[in-house]
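What the coordinates show
One letter stands for each residue in the lines below.
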Amino acid sequence: MASITVQFHSLYRLYLCIDRLSLQADDLDEALGQMEEKFGSRLREQFEKRGIELDQKMQDFSLILLNGINIRNLRETKLREGDTLHIFPPSAGG
Amino acid sequence: MTVGKATIQLLTQSAEIYVAPDGKEHPVIGRKAVDSIARAGGISLREVEIAALEQGIIPRSYVRNMGTIGLAGQMKLLQSSVAVVGAGGLGGTIVELLARQGIGHIIIIDNDRFAEEDLNRQLLCTEADLGRHKAIIAARRIKKINSTTIATPCVEKLTRANAHKLLKDAKVVADGLDNLPSRFAVEEACRELGTPFVYGTIAGFSGQLMTIFPGDVGLSSIYGPPDGLPERGVEVKIGTPSATPAMIAAWQVQEVIKVITGFGKPLRNRLLILDAGEGIADRIELGK
């Protein structure tokens, strides 16, 4: 079981009133499952208040980076002691 | 670029002394003198200003740039072309600041026209210019600020097919886009052309930026592969208040200046997230 840090950025920090936490998990799926359980519904509620309806899990509408790499790029999902997950909403405005 | 002896002589004769706020004296040359020397020599304003800097004479409008980038840095800026892709919230502010900084040539790429809903945040959008092409208005604005800067408006949508043609002359490309597929297209073209790309996006009170050199980690580290990505992000719903584009665009311009002059340390392989809502700046070291 690896101890990892999760850091929330931009809107997520505002919506969830938290900037970081520690998790214990063996792999990415387990860590994402814990995050969904703790924060998924709160995050969707915050978005709904602003007129954004989301019926997916937070991992499906968020940008999530493991040690600075988007998890969609990863082949190996085993977590190591000291790993960091960064999570924030996608933005594309200009 | 060399100018004749007659031009050098005119520059020297036209130089005045400017006393800076710290009491130090600098030889400077004013706008009217630059115009007149260019006309007399049949050369461009840019050539005159570069020649002046080579003689240690500072065009007045760049005096306040000297303490940071110096004569050599200002010459590099004047000799450079920068492409700004998108002339809306980010791009309009980038264009404005690049012209004031004294970039020699700015290429503005945007096929869109100003609409009333742009007025809250797009610096170049005025009521009088609603319905007009953003790239054309941006080029006019550049000439009003700094007639030395060459402005090339391109009223075209940048795509993978035309990216090389539109960006090939740029020493640096700045991101003023409003969607992810176009950003990936620009990044790809910049890598192929060997050109640094200064990325930026905004949503609500937050924004992010980084500078991507060919070979650096890039958008894929943030977003994953482009296939299957949504075109836009949360800004579609939460919008963009007036100051957020200026906050990110200002830093993008600093990145452009650093890349061209070699001053400081560009934000390479690091994503900077500025969150004005919470008053926090985060930096994420990116991996490959």
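Presented here is a report on the structure given in the accompanying data block. (Residues numbered from 1 in each chain as written. Chains lettered and ligands numbered in written order. Predicted model: local features only at pLDDT ≥ 70, side-chain atom pairs only at ≥ 80, totals over all residues.)

1. Focus on the overall build of chain A
When helices and strands are tallied, chain A shows three helices and five strands. Reading chain A from its N terminus to its C terminus gives the helix and strand order β-α-β-α-α-β-β-β. Whereas a compact globule of 94 residues would reach a radius of gyration of roughly 12 Å, chain A reaches 13 Å, a difference of no more than 12%. Projected onto its principal axes, the C-alpha coordinates of chain A cover approximately 40 × 30 × 20 Å. In chain A, buried positions account for 35% of the 94 residues. Long-range pairs, those at least 24 residues apart, make up 54% of the contacts in chain A with a sequence separation of at least 6. (Helix = DSSP H or I, 4+ residues; strand = E, 2+ residues; numbered from the N terminus. Rg over C-alpha atoms; globule rule 2.2 N^0.38 Å. Buried ≥ 20, exposed ≤ 12 C-beta atoms within 10 Å, placed from the backbone. Contact = placed C-beta atoms within 7 Å.)

2. Let's talk about helix 4 (residues 66-78) of chain B
Residues and elements named next belong to chain B. The terminal C-alpha atoms of helix 4, which comprises 13 residues, lie only 13 Å apart, well short of the 18 Å expected from a rise of 1.5 Å per residue. At A72, helix 4 shows its maximal bend, which comes to roughly 65°. For helix 4, every residue scored as buried is listed here: I69, G73, Q74, M75, K76, L77 and L78. (Expected span 1.5 Å × (residues − 1). Bend = angle between axes of the 7 residues up to and from the residue.)

3. Some details on unusual backbone geometry
With the exception of glycine, most residues fall at negative phi, and the peptide bonds are largely trans. Phi is positive for S10(A), which is not a glycine, with a value near 45°. Mapped onto the elements, S10(A) comes out in the loop between strand 1 (2-8) and helix 1 (11-16). Phi is positive for N269(B), which is not a glycine, with a value near 60°.

4. Looking at the interface of chain B and chain A
On the chain A side, the residues contacting the 39 residues of chain B number 24 residues. Tallying contributions element by element places helix 9 (residues 219-223) of chain B first for the side of chain B that touches chain A, with four residues. Of the residues belonging to the side of chain B that touches chain A, the class tally is 14 nonpolar, 17 polar and eight charged. (Nonpolar A, V, L, I, M, F, W, Y, C, P; charged D, E, K, R; others polar.)

5. Some points on the nonpolar core
Ranked by internal contacts, the top residues of the largest apolar core, which has 117 residues, are V95(B), I106(B) and I108(B). Each of domain 1 (5-68) and domain 2 (80-285) of chain B contributes no fewer than three residues to this core. (Core = buried A, V, L, I, M, F, W, Y, C linked by C-beta atoms within 7 Å. Domains from an automatic or database assignment.)

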